[in-house]
Amino acid sequence: MIGITWIYFTIKKRKLIRVRKRFFEQNGGLLLKQQLSSNKGSMESANIFSAEELEKATNNYSEDRILGRGGYGTVYKGILRDKRIVAIKKSRIMDEGEVELFINEVVILTQINHRNIVKLMGCCLETEVPLLVYEYIANNTLYYHIHNSGEMPFFSWDNRLRIATEAAGALAYLHSSTGMPVIHRDIKSPNILLDEYYTAKIADFGASRLVPIDQTRVTTLVQGTLGYLDPEYFLTGQLTDKSDVYSFGVVLAELLTCRTPLSTEKSEEEINLATYIVLSVKENRLLQTVDPRILREGSFEQISAVAETVKRCLELKSEERPTMKEVTIELEMLRKYNTHSNRQEVISTSDGDMGSTSEQPLDLYPVPVNPGFNKDDYSEQYILDSQLFHAISIPR
């Protein structure tokens, strides 16, 4: 009986090893090694998790651990053995063509180190569907806060502008400060997460592309999200870093207006947010377009300047759009202007009281300060008609 039991478990263990090896190859393990080698990447900073470890972390992928669902699969909240909280992205069953996208995300994230980009902690390839393990981001997506926060104090104009500046800085880093430039290709408010300090974190690099240094554009199959998709990229298939600039312009428009990128419930003029805000800027109708709360909290000059930046990001011709580095500089200057204006308000309200500090509160709201924050880290819209919109196949 002892001999039979030993043989049974030996055979079972060998079978499990073969299955895991097959899944590893099926999920692109060999391609991952090749890509990391060719891109001089490294998995030294990331962990290779076992299937059992991640099953325990997610309570066997329990429904109550689901953080969200997307085009590529489901994200679960996990608690590792060392009590670290992580987000585990479980892809749906993929065909051979989609394996490359998954490996692409791993390769890109192993080369990125930025405080405003979600950190990849590791992966698991020995299951039927591949798994990615990220740092856990506690405060949902920017999309959620834009469309659900209402009058919540933390979602003030000052903090919206800060979040936009952080996201812009992360994109500028991807475009010009990595070993090989990265085009995200799916920038949208659902892919910008907020941590416990309401710091912006760009996520979801499944559709991203590395661009050889000697090239400025890449020809690819069109991928992106309706409402955020660069019209020039859609029409030509030519992907450039300015495609991300267009998508970021739509996110800025969301922050200004609290409107969704596309809304069939609006009038024909207002269905497409990008079109609507550009026309509003051109026709001096910004007051009717922006979120009323912003008008109460920010100066009209500052709001107009941000709207003008949005308009430039949404230009039809990519060469007429600014770079993300230029957008970041503009937003940083506008933030400094906002801080200066508020200081001036304190001084002016104090002058009439023999220099005493006014007790009248400013219309600003604090957020927790991240102890790891380093202040030195910051130093013609094309109108697609309705037929074109309905003809787009949404891949994500």
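Residues numbered from 1 in each chain as written. Predicted model: local features only at pLDDT ≥ 70, side-chain atom pairs only at ≥ 80, totals over all residues. Heavy atoms only, no water.

K.L.:
What exactly am I supposed to notice about the environment of Ile 66 here?
P.N.:
Residue placement: Ile 66 occurs in strand 2 (residues 66–70). In the structure, Ile 66 is positioned 11 residues away from Lys 77 in sequence and 6.3 Å away in space, judged by C-alpha atoms. (Helix = DSSP H or I, 4+ residues; strand = E, 2+ residues; numbered from the N terminus.)

K.L.:
Quick question: what am I supposed to make of the packing of helix 6 (residues 157–176) against helix 8 (residues 241–257) here?
P.N.:
The description of two helices packed together rests on the angle between their axes and the distance between the axes. Helix 8 packs onto helix 6 with a crossing angle of 175 degrees between their chain directions and a minimal axis gap of 11 Å. The pairing of helix 6 with helix 8 is recorded here as roughly antiparallel in orientation. Residues Trp 157, Arg 160, Ala 164, Ala 167, Ala 168, Leu 171 and His 175 of helix 6 form the contact with helix 8, whose participating residues are Asp 241, Asp 244, Phe 248, Leu 252, Leu 255 and Leu 256. Here the contact of helix 6 with helix 8 is built from residues that sort into 9 nonpolar, 1 polar and 3 charged. (Axes fitted to C-alpha atoms, helices over the stretch in contact; angles between N-to-C directions. Parallel < 35°, antiparallel > 145°, perpendicular 65-115°, else oblique. Contact = heavy atoms within 4.5 Å. Nonpolar A, V, L, I, M, F, W, Y, C, P; charged D, E, K, R; others polar.)

K.L.:
Looking at this structure, I do not really get the pattern of salt bridges. What am I missing?
P.N.:
If the charged atoms of two oppositely charged side chains come close together, the side chains can form a pair. This model, assessed by the stated rule, comprises 14 salt bridges. In this structure, Asp 82 and Arg 84 form a salt bridge, with 2.7 Å as the shortest nitrogen-oxygen distance. We note a salt bridge from Arg 285 to Glu 269, for which the minimum N-O separation is 3.5 Å. Of this pair, Arg 285 sits in the loop between helix 9 (273–282) and helix 10 (292–297) while Glu 269 sits in the loop between helix 8 and helix 9, and the two are 16 residues apart along the sequence. Here Glu 269 falls in the partly exposed class, since its relative accessible area comes to 36%. (Salt bridge = Lys/Arg side-chain N within 4 Å of Asp/Glu carboxyl O. Buried < 20%, exposed > 50% of the residue type's maximum accessible area, 1.4 Å probe, protein only.)

K.L.:
Explain helix 11 (residues 300–313) to me, please; I cannot follow it from the model alone.
P.N.:
Here helix 11 is 14 residues long and its end C-alpha atoms lie 20 Å apart, about the 20 Å a rise of 1.5 Å per residue gives. Of all the residues in helix 11, the buried ones are Gln 302, Ile 303, Val 306, Ala 307, Thr 309, Val 310, Lys 311 and Cys 313. (Expected span 1.5 Å × (residues − 1).)

K.L.:
Sorry, what's going on with the packing of aromatic side chains here?
P.N.:
Centre-to-centre distance and the angle between the planes together describe a pair of aromatic rings. As enumerated under the stated definition, the model contains 3 aromatic pairs in all. Between Phe 154 and Phe 155, the aromatic rings sit 6.0 Å apart at their centres with planes inclined by 70 degrees, giving edge-to-face as the arrangement. Judged by relative accessible area, which is 11%, Phe 154 ranks as buried. On the numbers, 4.3 Å between centres and 20 degrees between planes, the contact of Phe 154 with Tyr 198 is stacked. With Phe 154 in the loop between helix 5 (142–148) and helix 6 and Tyr 198 in the loop between strand 8 (192–194) and strand 9 (200–202), the pair connects residues that are 44 residues apart, well separated along the chain. Taken individually, Phe 154 and Tyr 198 each receive the classification buried, so the pair is uniform in this respect. Through a chain of ring-to-ring contacts, three or more aromatic side chains come together here, namely Phe 154, Phe 155 and Tyr 198. (Phe/Tyr/Trp six-rings, centres within 6.5 Å; stacked < 30°, edge-to-face > 60°.)

K.L.:
Before we go on, may I ask you to explain unusual backbone geometry in this structure?
P.N.:
The general pattern is negative phi for most residues beyond glycine and trans for most peptide bonds. Not every positive phi belongs to a glycine, and Cys 258 is a case in point at roughly 60 degrees. For Cys 258, the position within the fold is in the loop between helix 8 and helix 9. You can call Cys 258 partly exposed: its relative accessible area is 27%. Backbone geometry places Asn 284, a non-glycine residue, at a positive phi of 55 degrees. For Asn 284, the location among the structural elements is in the loop between helix 9 and helix 10. Classification of Asn 284 as exposed rests on a relative accessible area of 69%.

K.L.:
Explain a nonpolar patch on the surface to me, please; I cannot follow it from the model alone.
P.N.:
A cluster of nonpolar residues, Trp 6, Ile 7 and Ile 11, forms a patch on the protein surface that exposes about 360 Å² of accessible area. Within the fold, Trp 6 resides in helix 1 (residues 2–26). Judged by its relative accessible area of 60%, Trp 6 falls in the exposed class. (Patch = residues over 30% accessible without salt bridge, like charges linked within 9 Å, V, L, I, M, F, W, Y side chains within 5 Å. Areas by Shrake-Rupley, 256 points an atom, 1.4 Å probe, with all protein chains shown as cover.)

K.L.:
Looking at this structure, I do not really get the nonpolar core. What am I missing?
P.N.:
Where a protein is soluble and globular, its nonpolar side chains tend to be buried together. Ranked by size, the top nonpolar core spans 65 residues in total, and within it Leu 142, Leu 174, Phe 205, Phe 248, Leu 256, Leu 314 and Met 324 carry the most contacts. By residue number, the principal contributor to this core is helix 6, which donates 11 residues. With residues near it in sequence (within four places) discarded, Leu 174 still touches Ile 112, Ile 117, Pro 181, Val 182 and Phe 205. Counting 13 residues, the second largest nonpolar core, distinct from the first, contains Ala 51, Ala 57, Val 86 and Cys 124. (Core = buried A, V, L, I, M, F, W, Y, C linked by side-chain atoms within 4.5 Å.)

K.L.:
I keep staring at the pairing of strand 6 (residues 131–135) and nothing clicks. Help me out?
P.N.:
Moving residue by residue along a regular strand, the side chains alternate between the two faces of the sheet. In terms of residue burial, strand 6 counts as a mostly covered element, since 5 of its 5 residues are buried. Note that strand 4 (residues 85–91) and strand 6 share 5 bridges and pair antiparallel. If you follow Lys 90 over to strand 6, its bridge partner there is Leu 131. Across 4 bridges, strand 5 (residues 120–124) lies against strand 6 in antiparallel orientation. Across the sheet, the residue bridging to Leu 120 is Tyr 134, located in strand 6. (Pairing = 2+ DSSP bridges.)

K.L.:
I keep staring at the confidence of the model for the chain and nothing clicks. Help me out?
P.N.:
Caution applies to low-pLDDT regions: their predicted coordinates should not be interpreted in detail. The pLDDT averaged across the chain works out to 77; a share of 69% of its residues lies at or above 70. Here helix 13 (residues 386–391) stands out as the least confident element of the chain, with mean pLDDT 35; helix 8 is the most confident, with 96. In the predicted structure, residues 345–369 sits below a pLDDT of 50 and forms 28 contacts with residues beyond four places in sequence or in another chain. Low pLDDT (under 50) marks residues 373–396, which in the prediction has 45 contacts with non-local residues, meaning those over four places away or in another chain. (pLDDT = per-residue confidence, 0-100.)

K.L.:
How should the pairing of strand 3 (residues 73–79) be read in this particular structure?
P.N.:
Note that strand 3 and strand 4 share 7 bridges and pair antiparallel. Paired with Gly 78 across the strands is Val 86, a residue of strand 4. Counting the residues that bridge the hairpin from strand 3 to strand 4 gives 5 residues, and of these Lys 83 lies at a positive phi of roughly 75 degrees.

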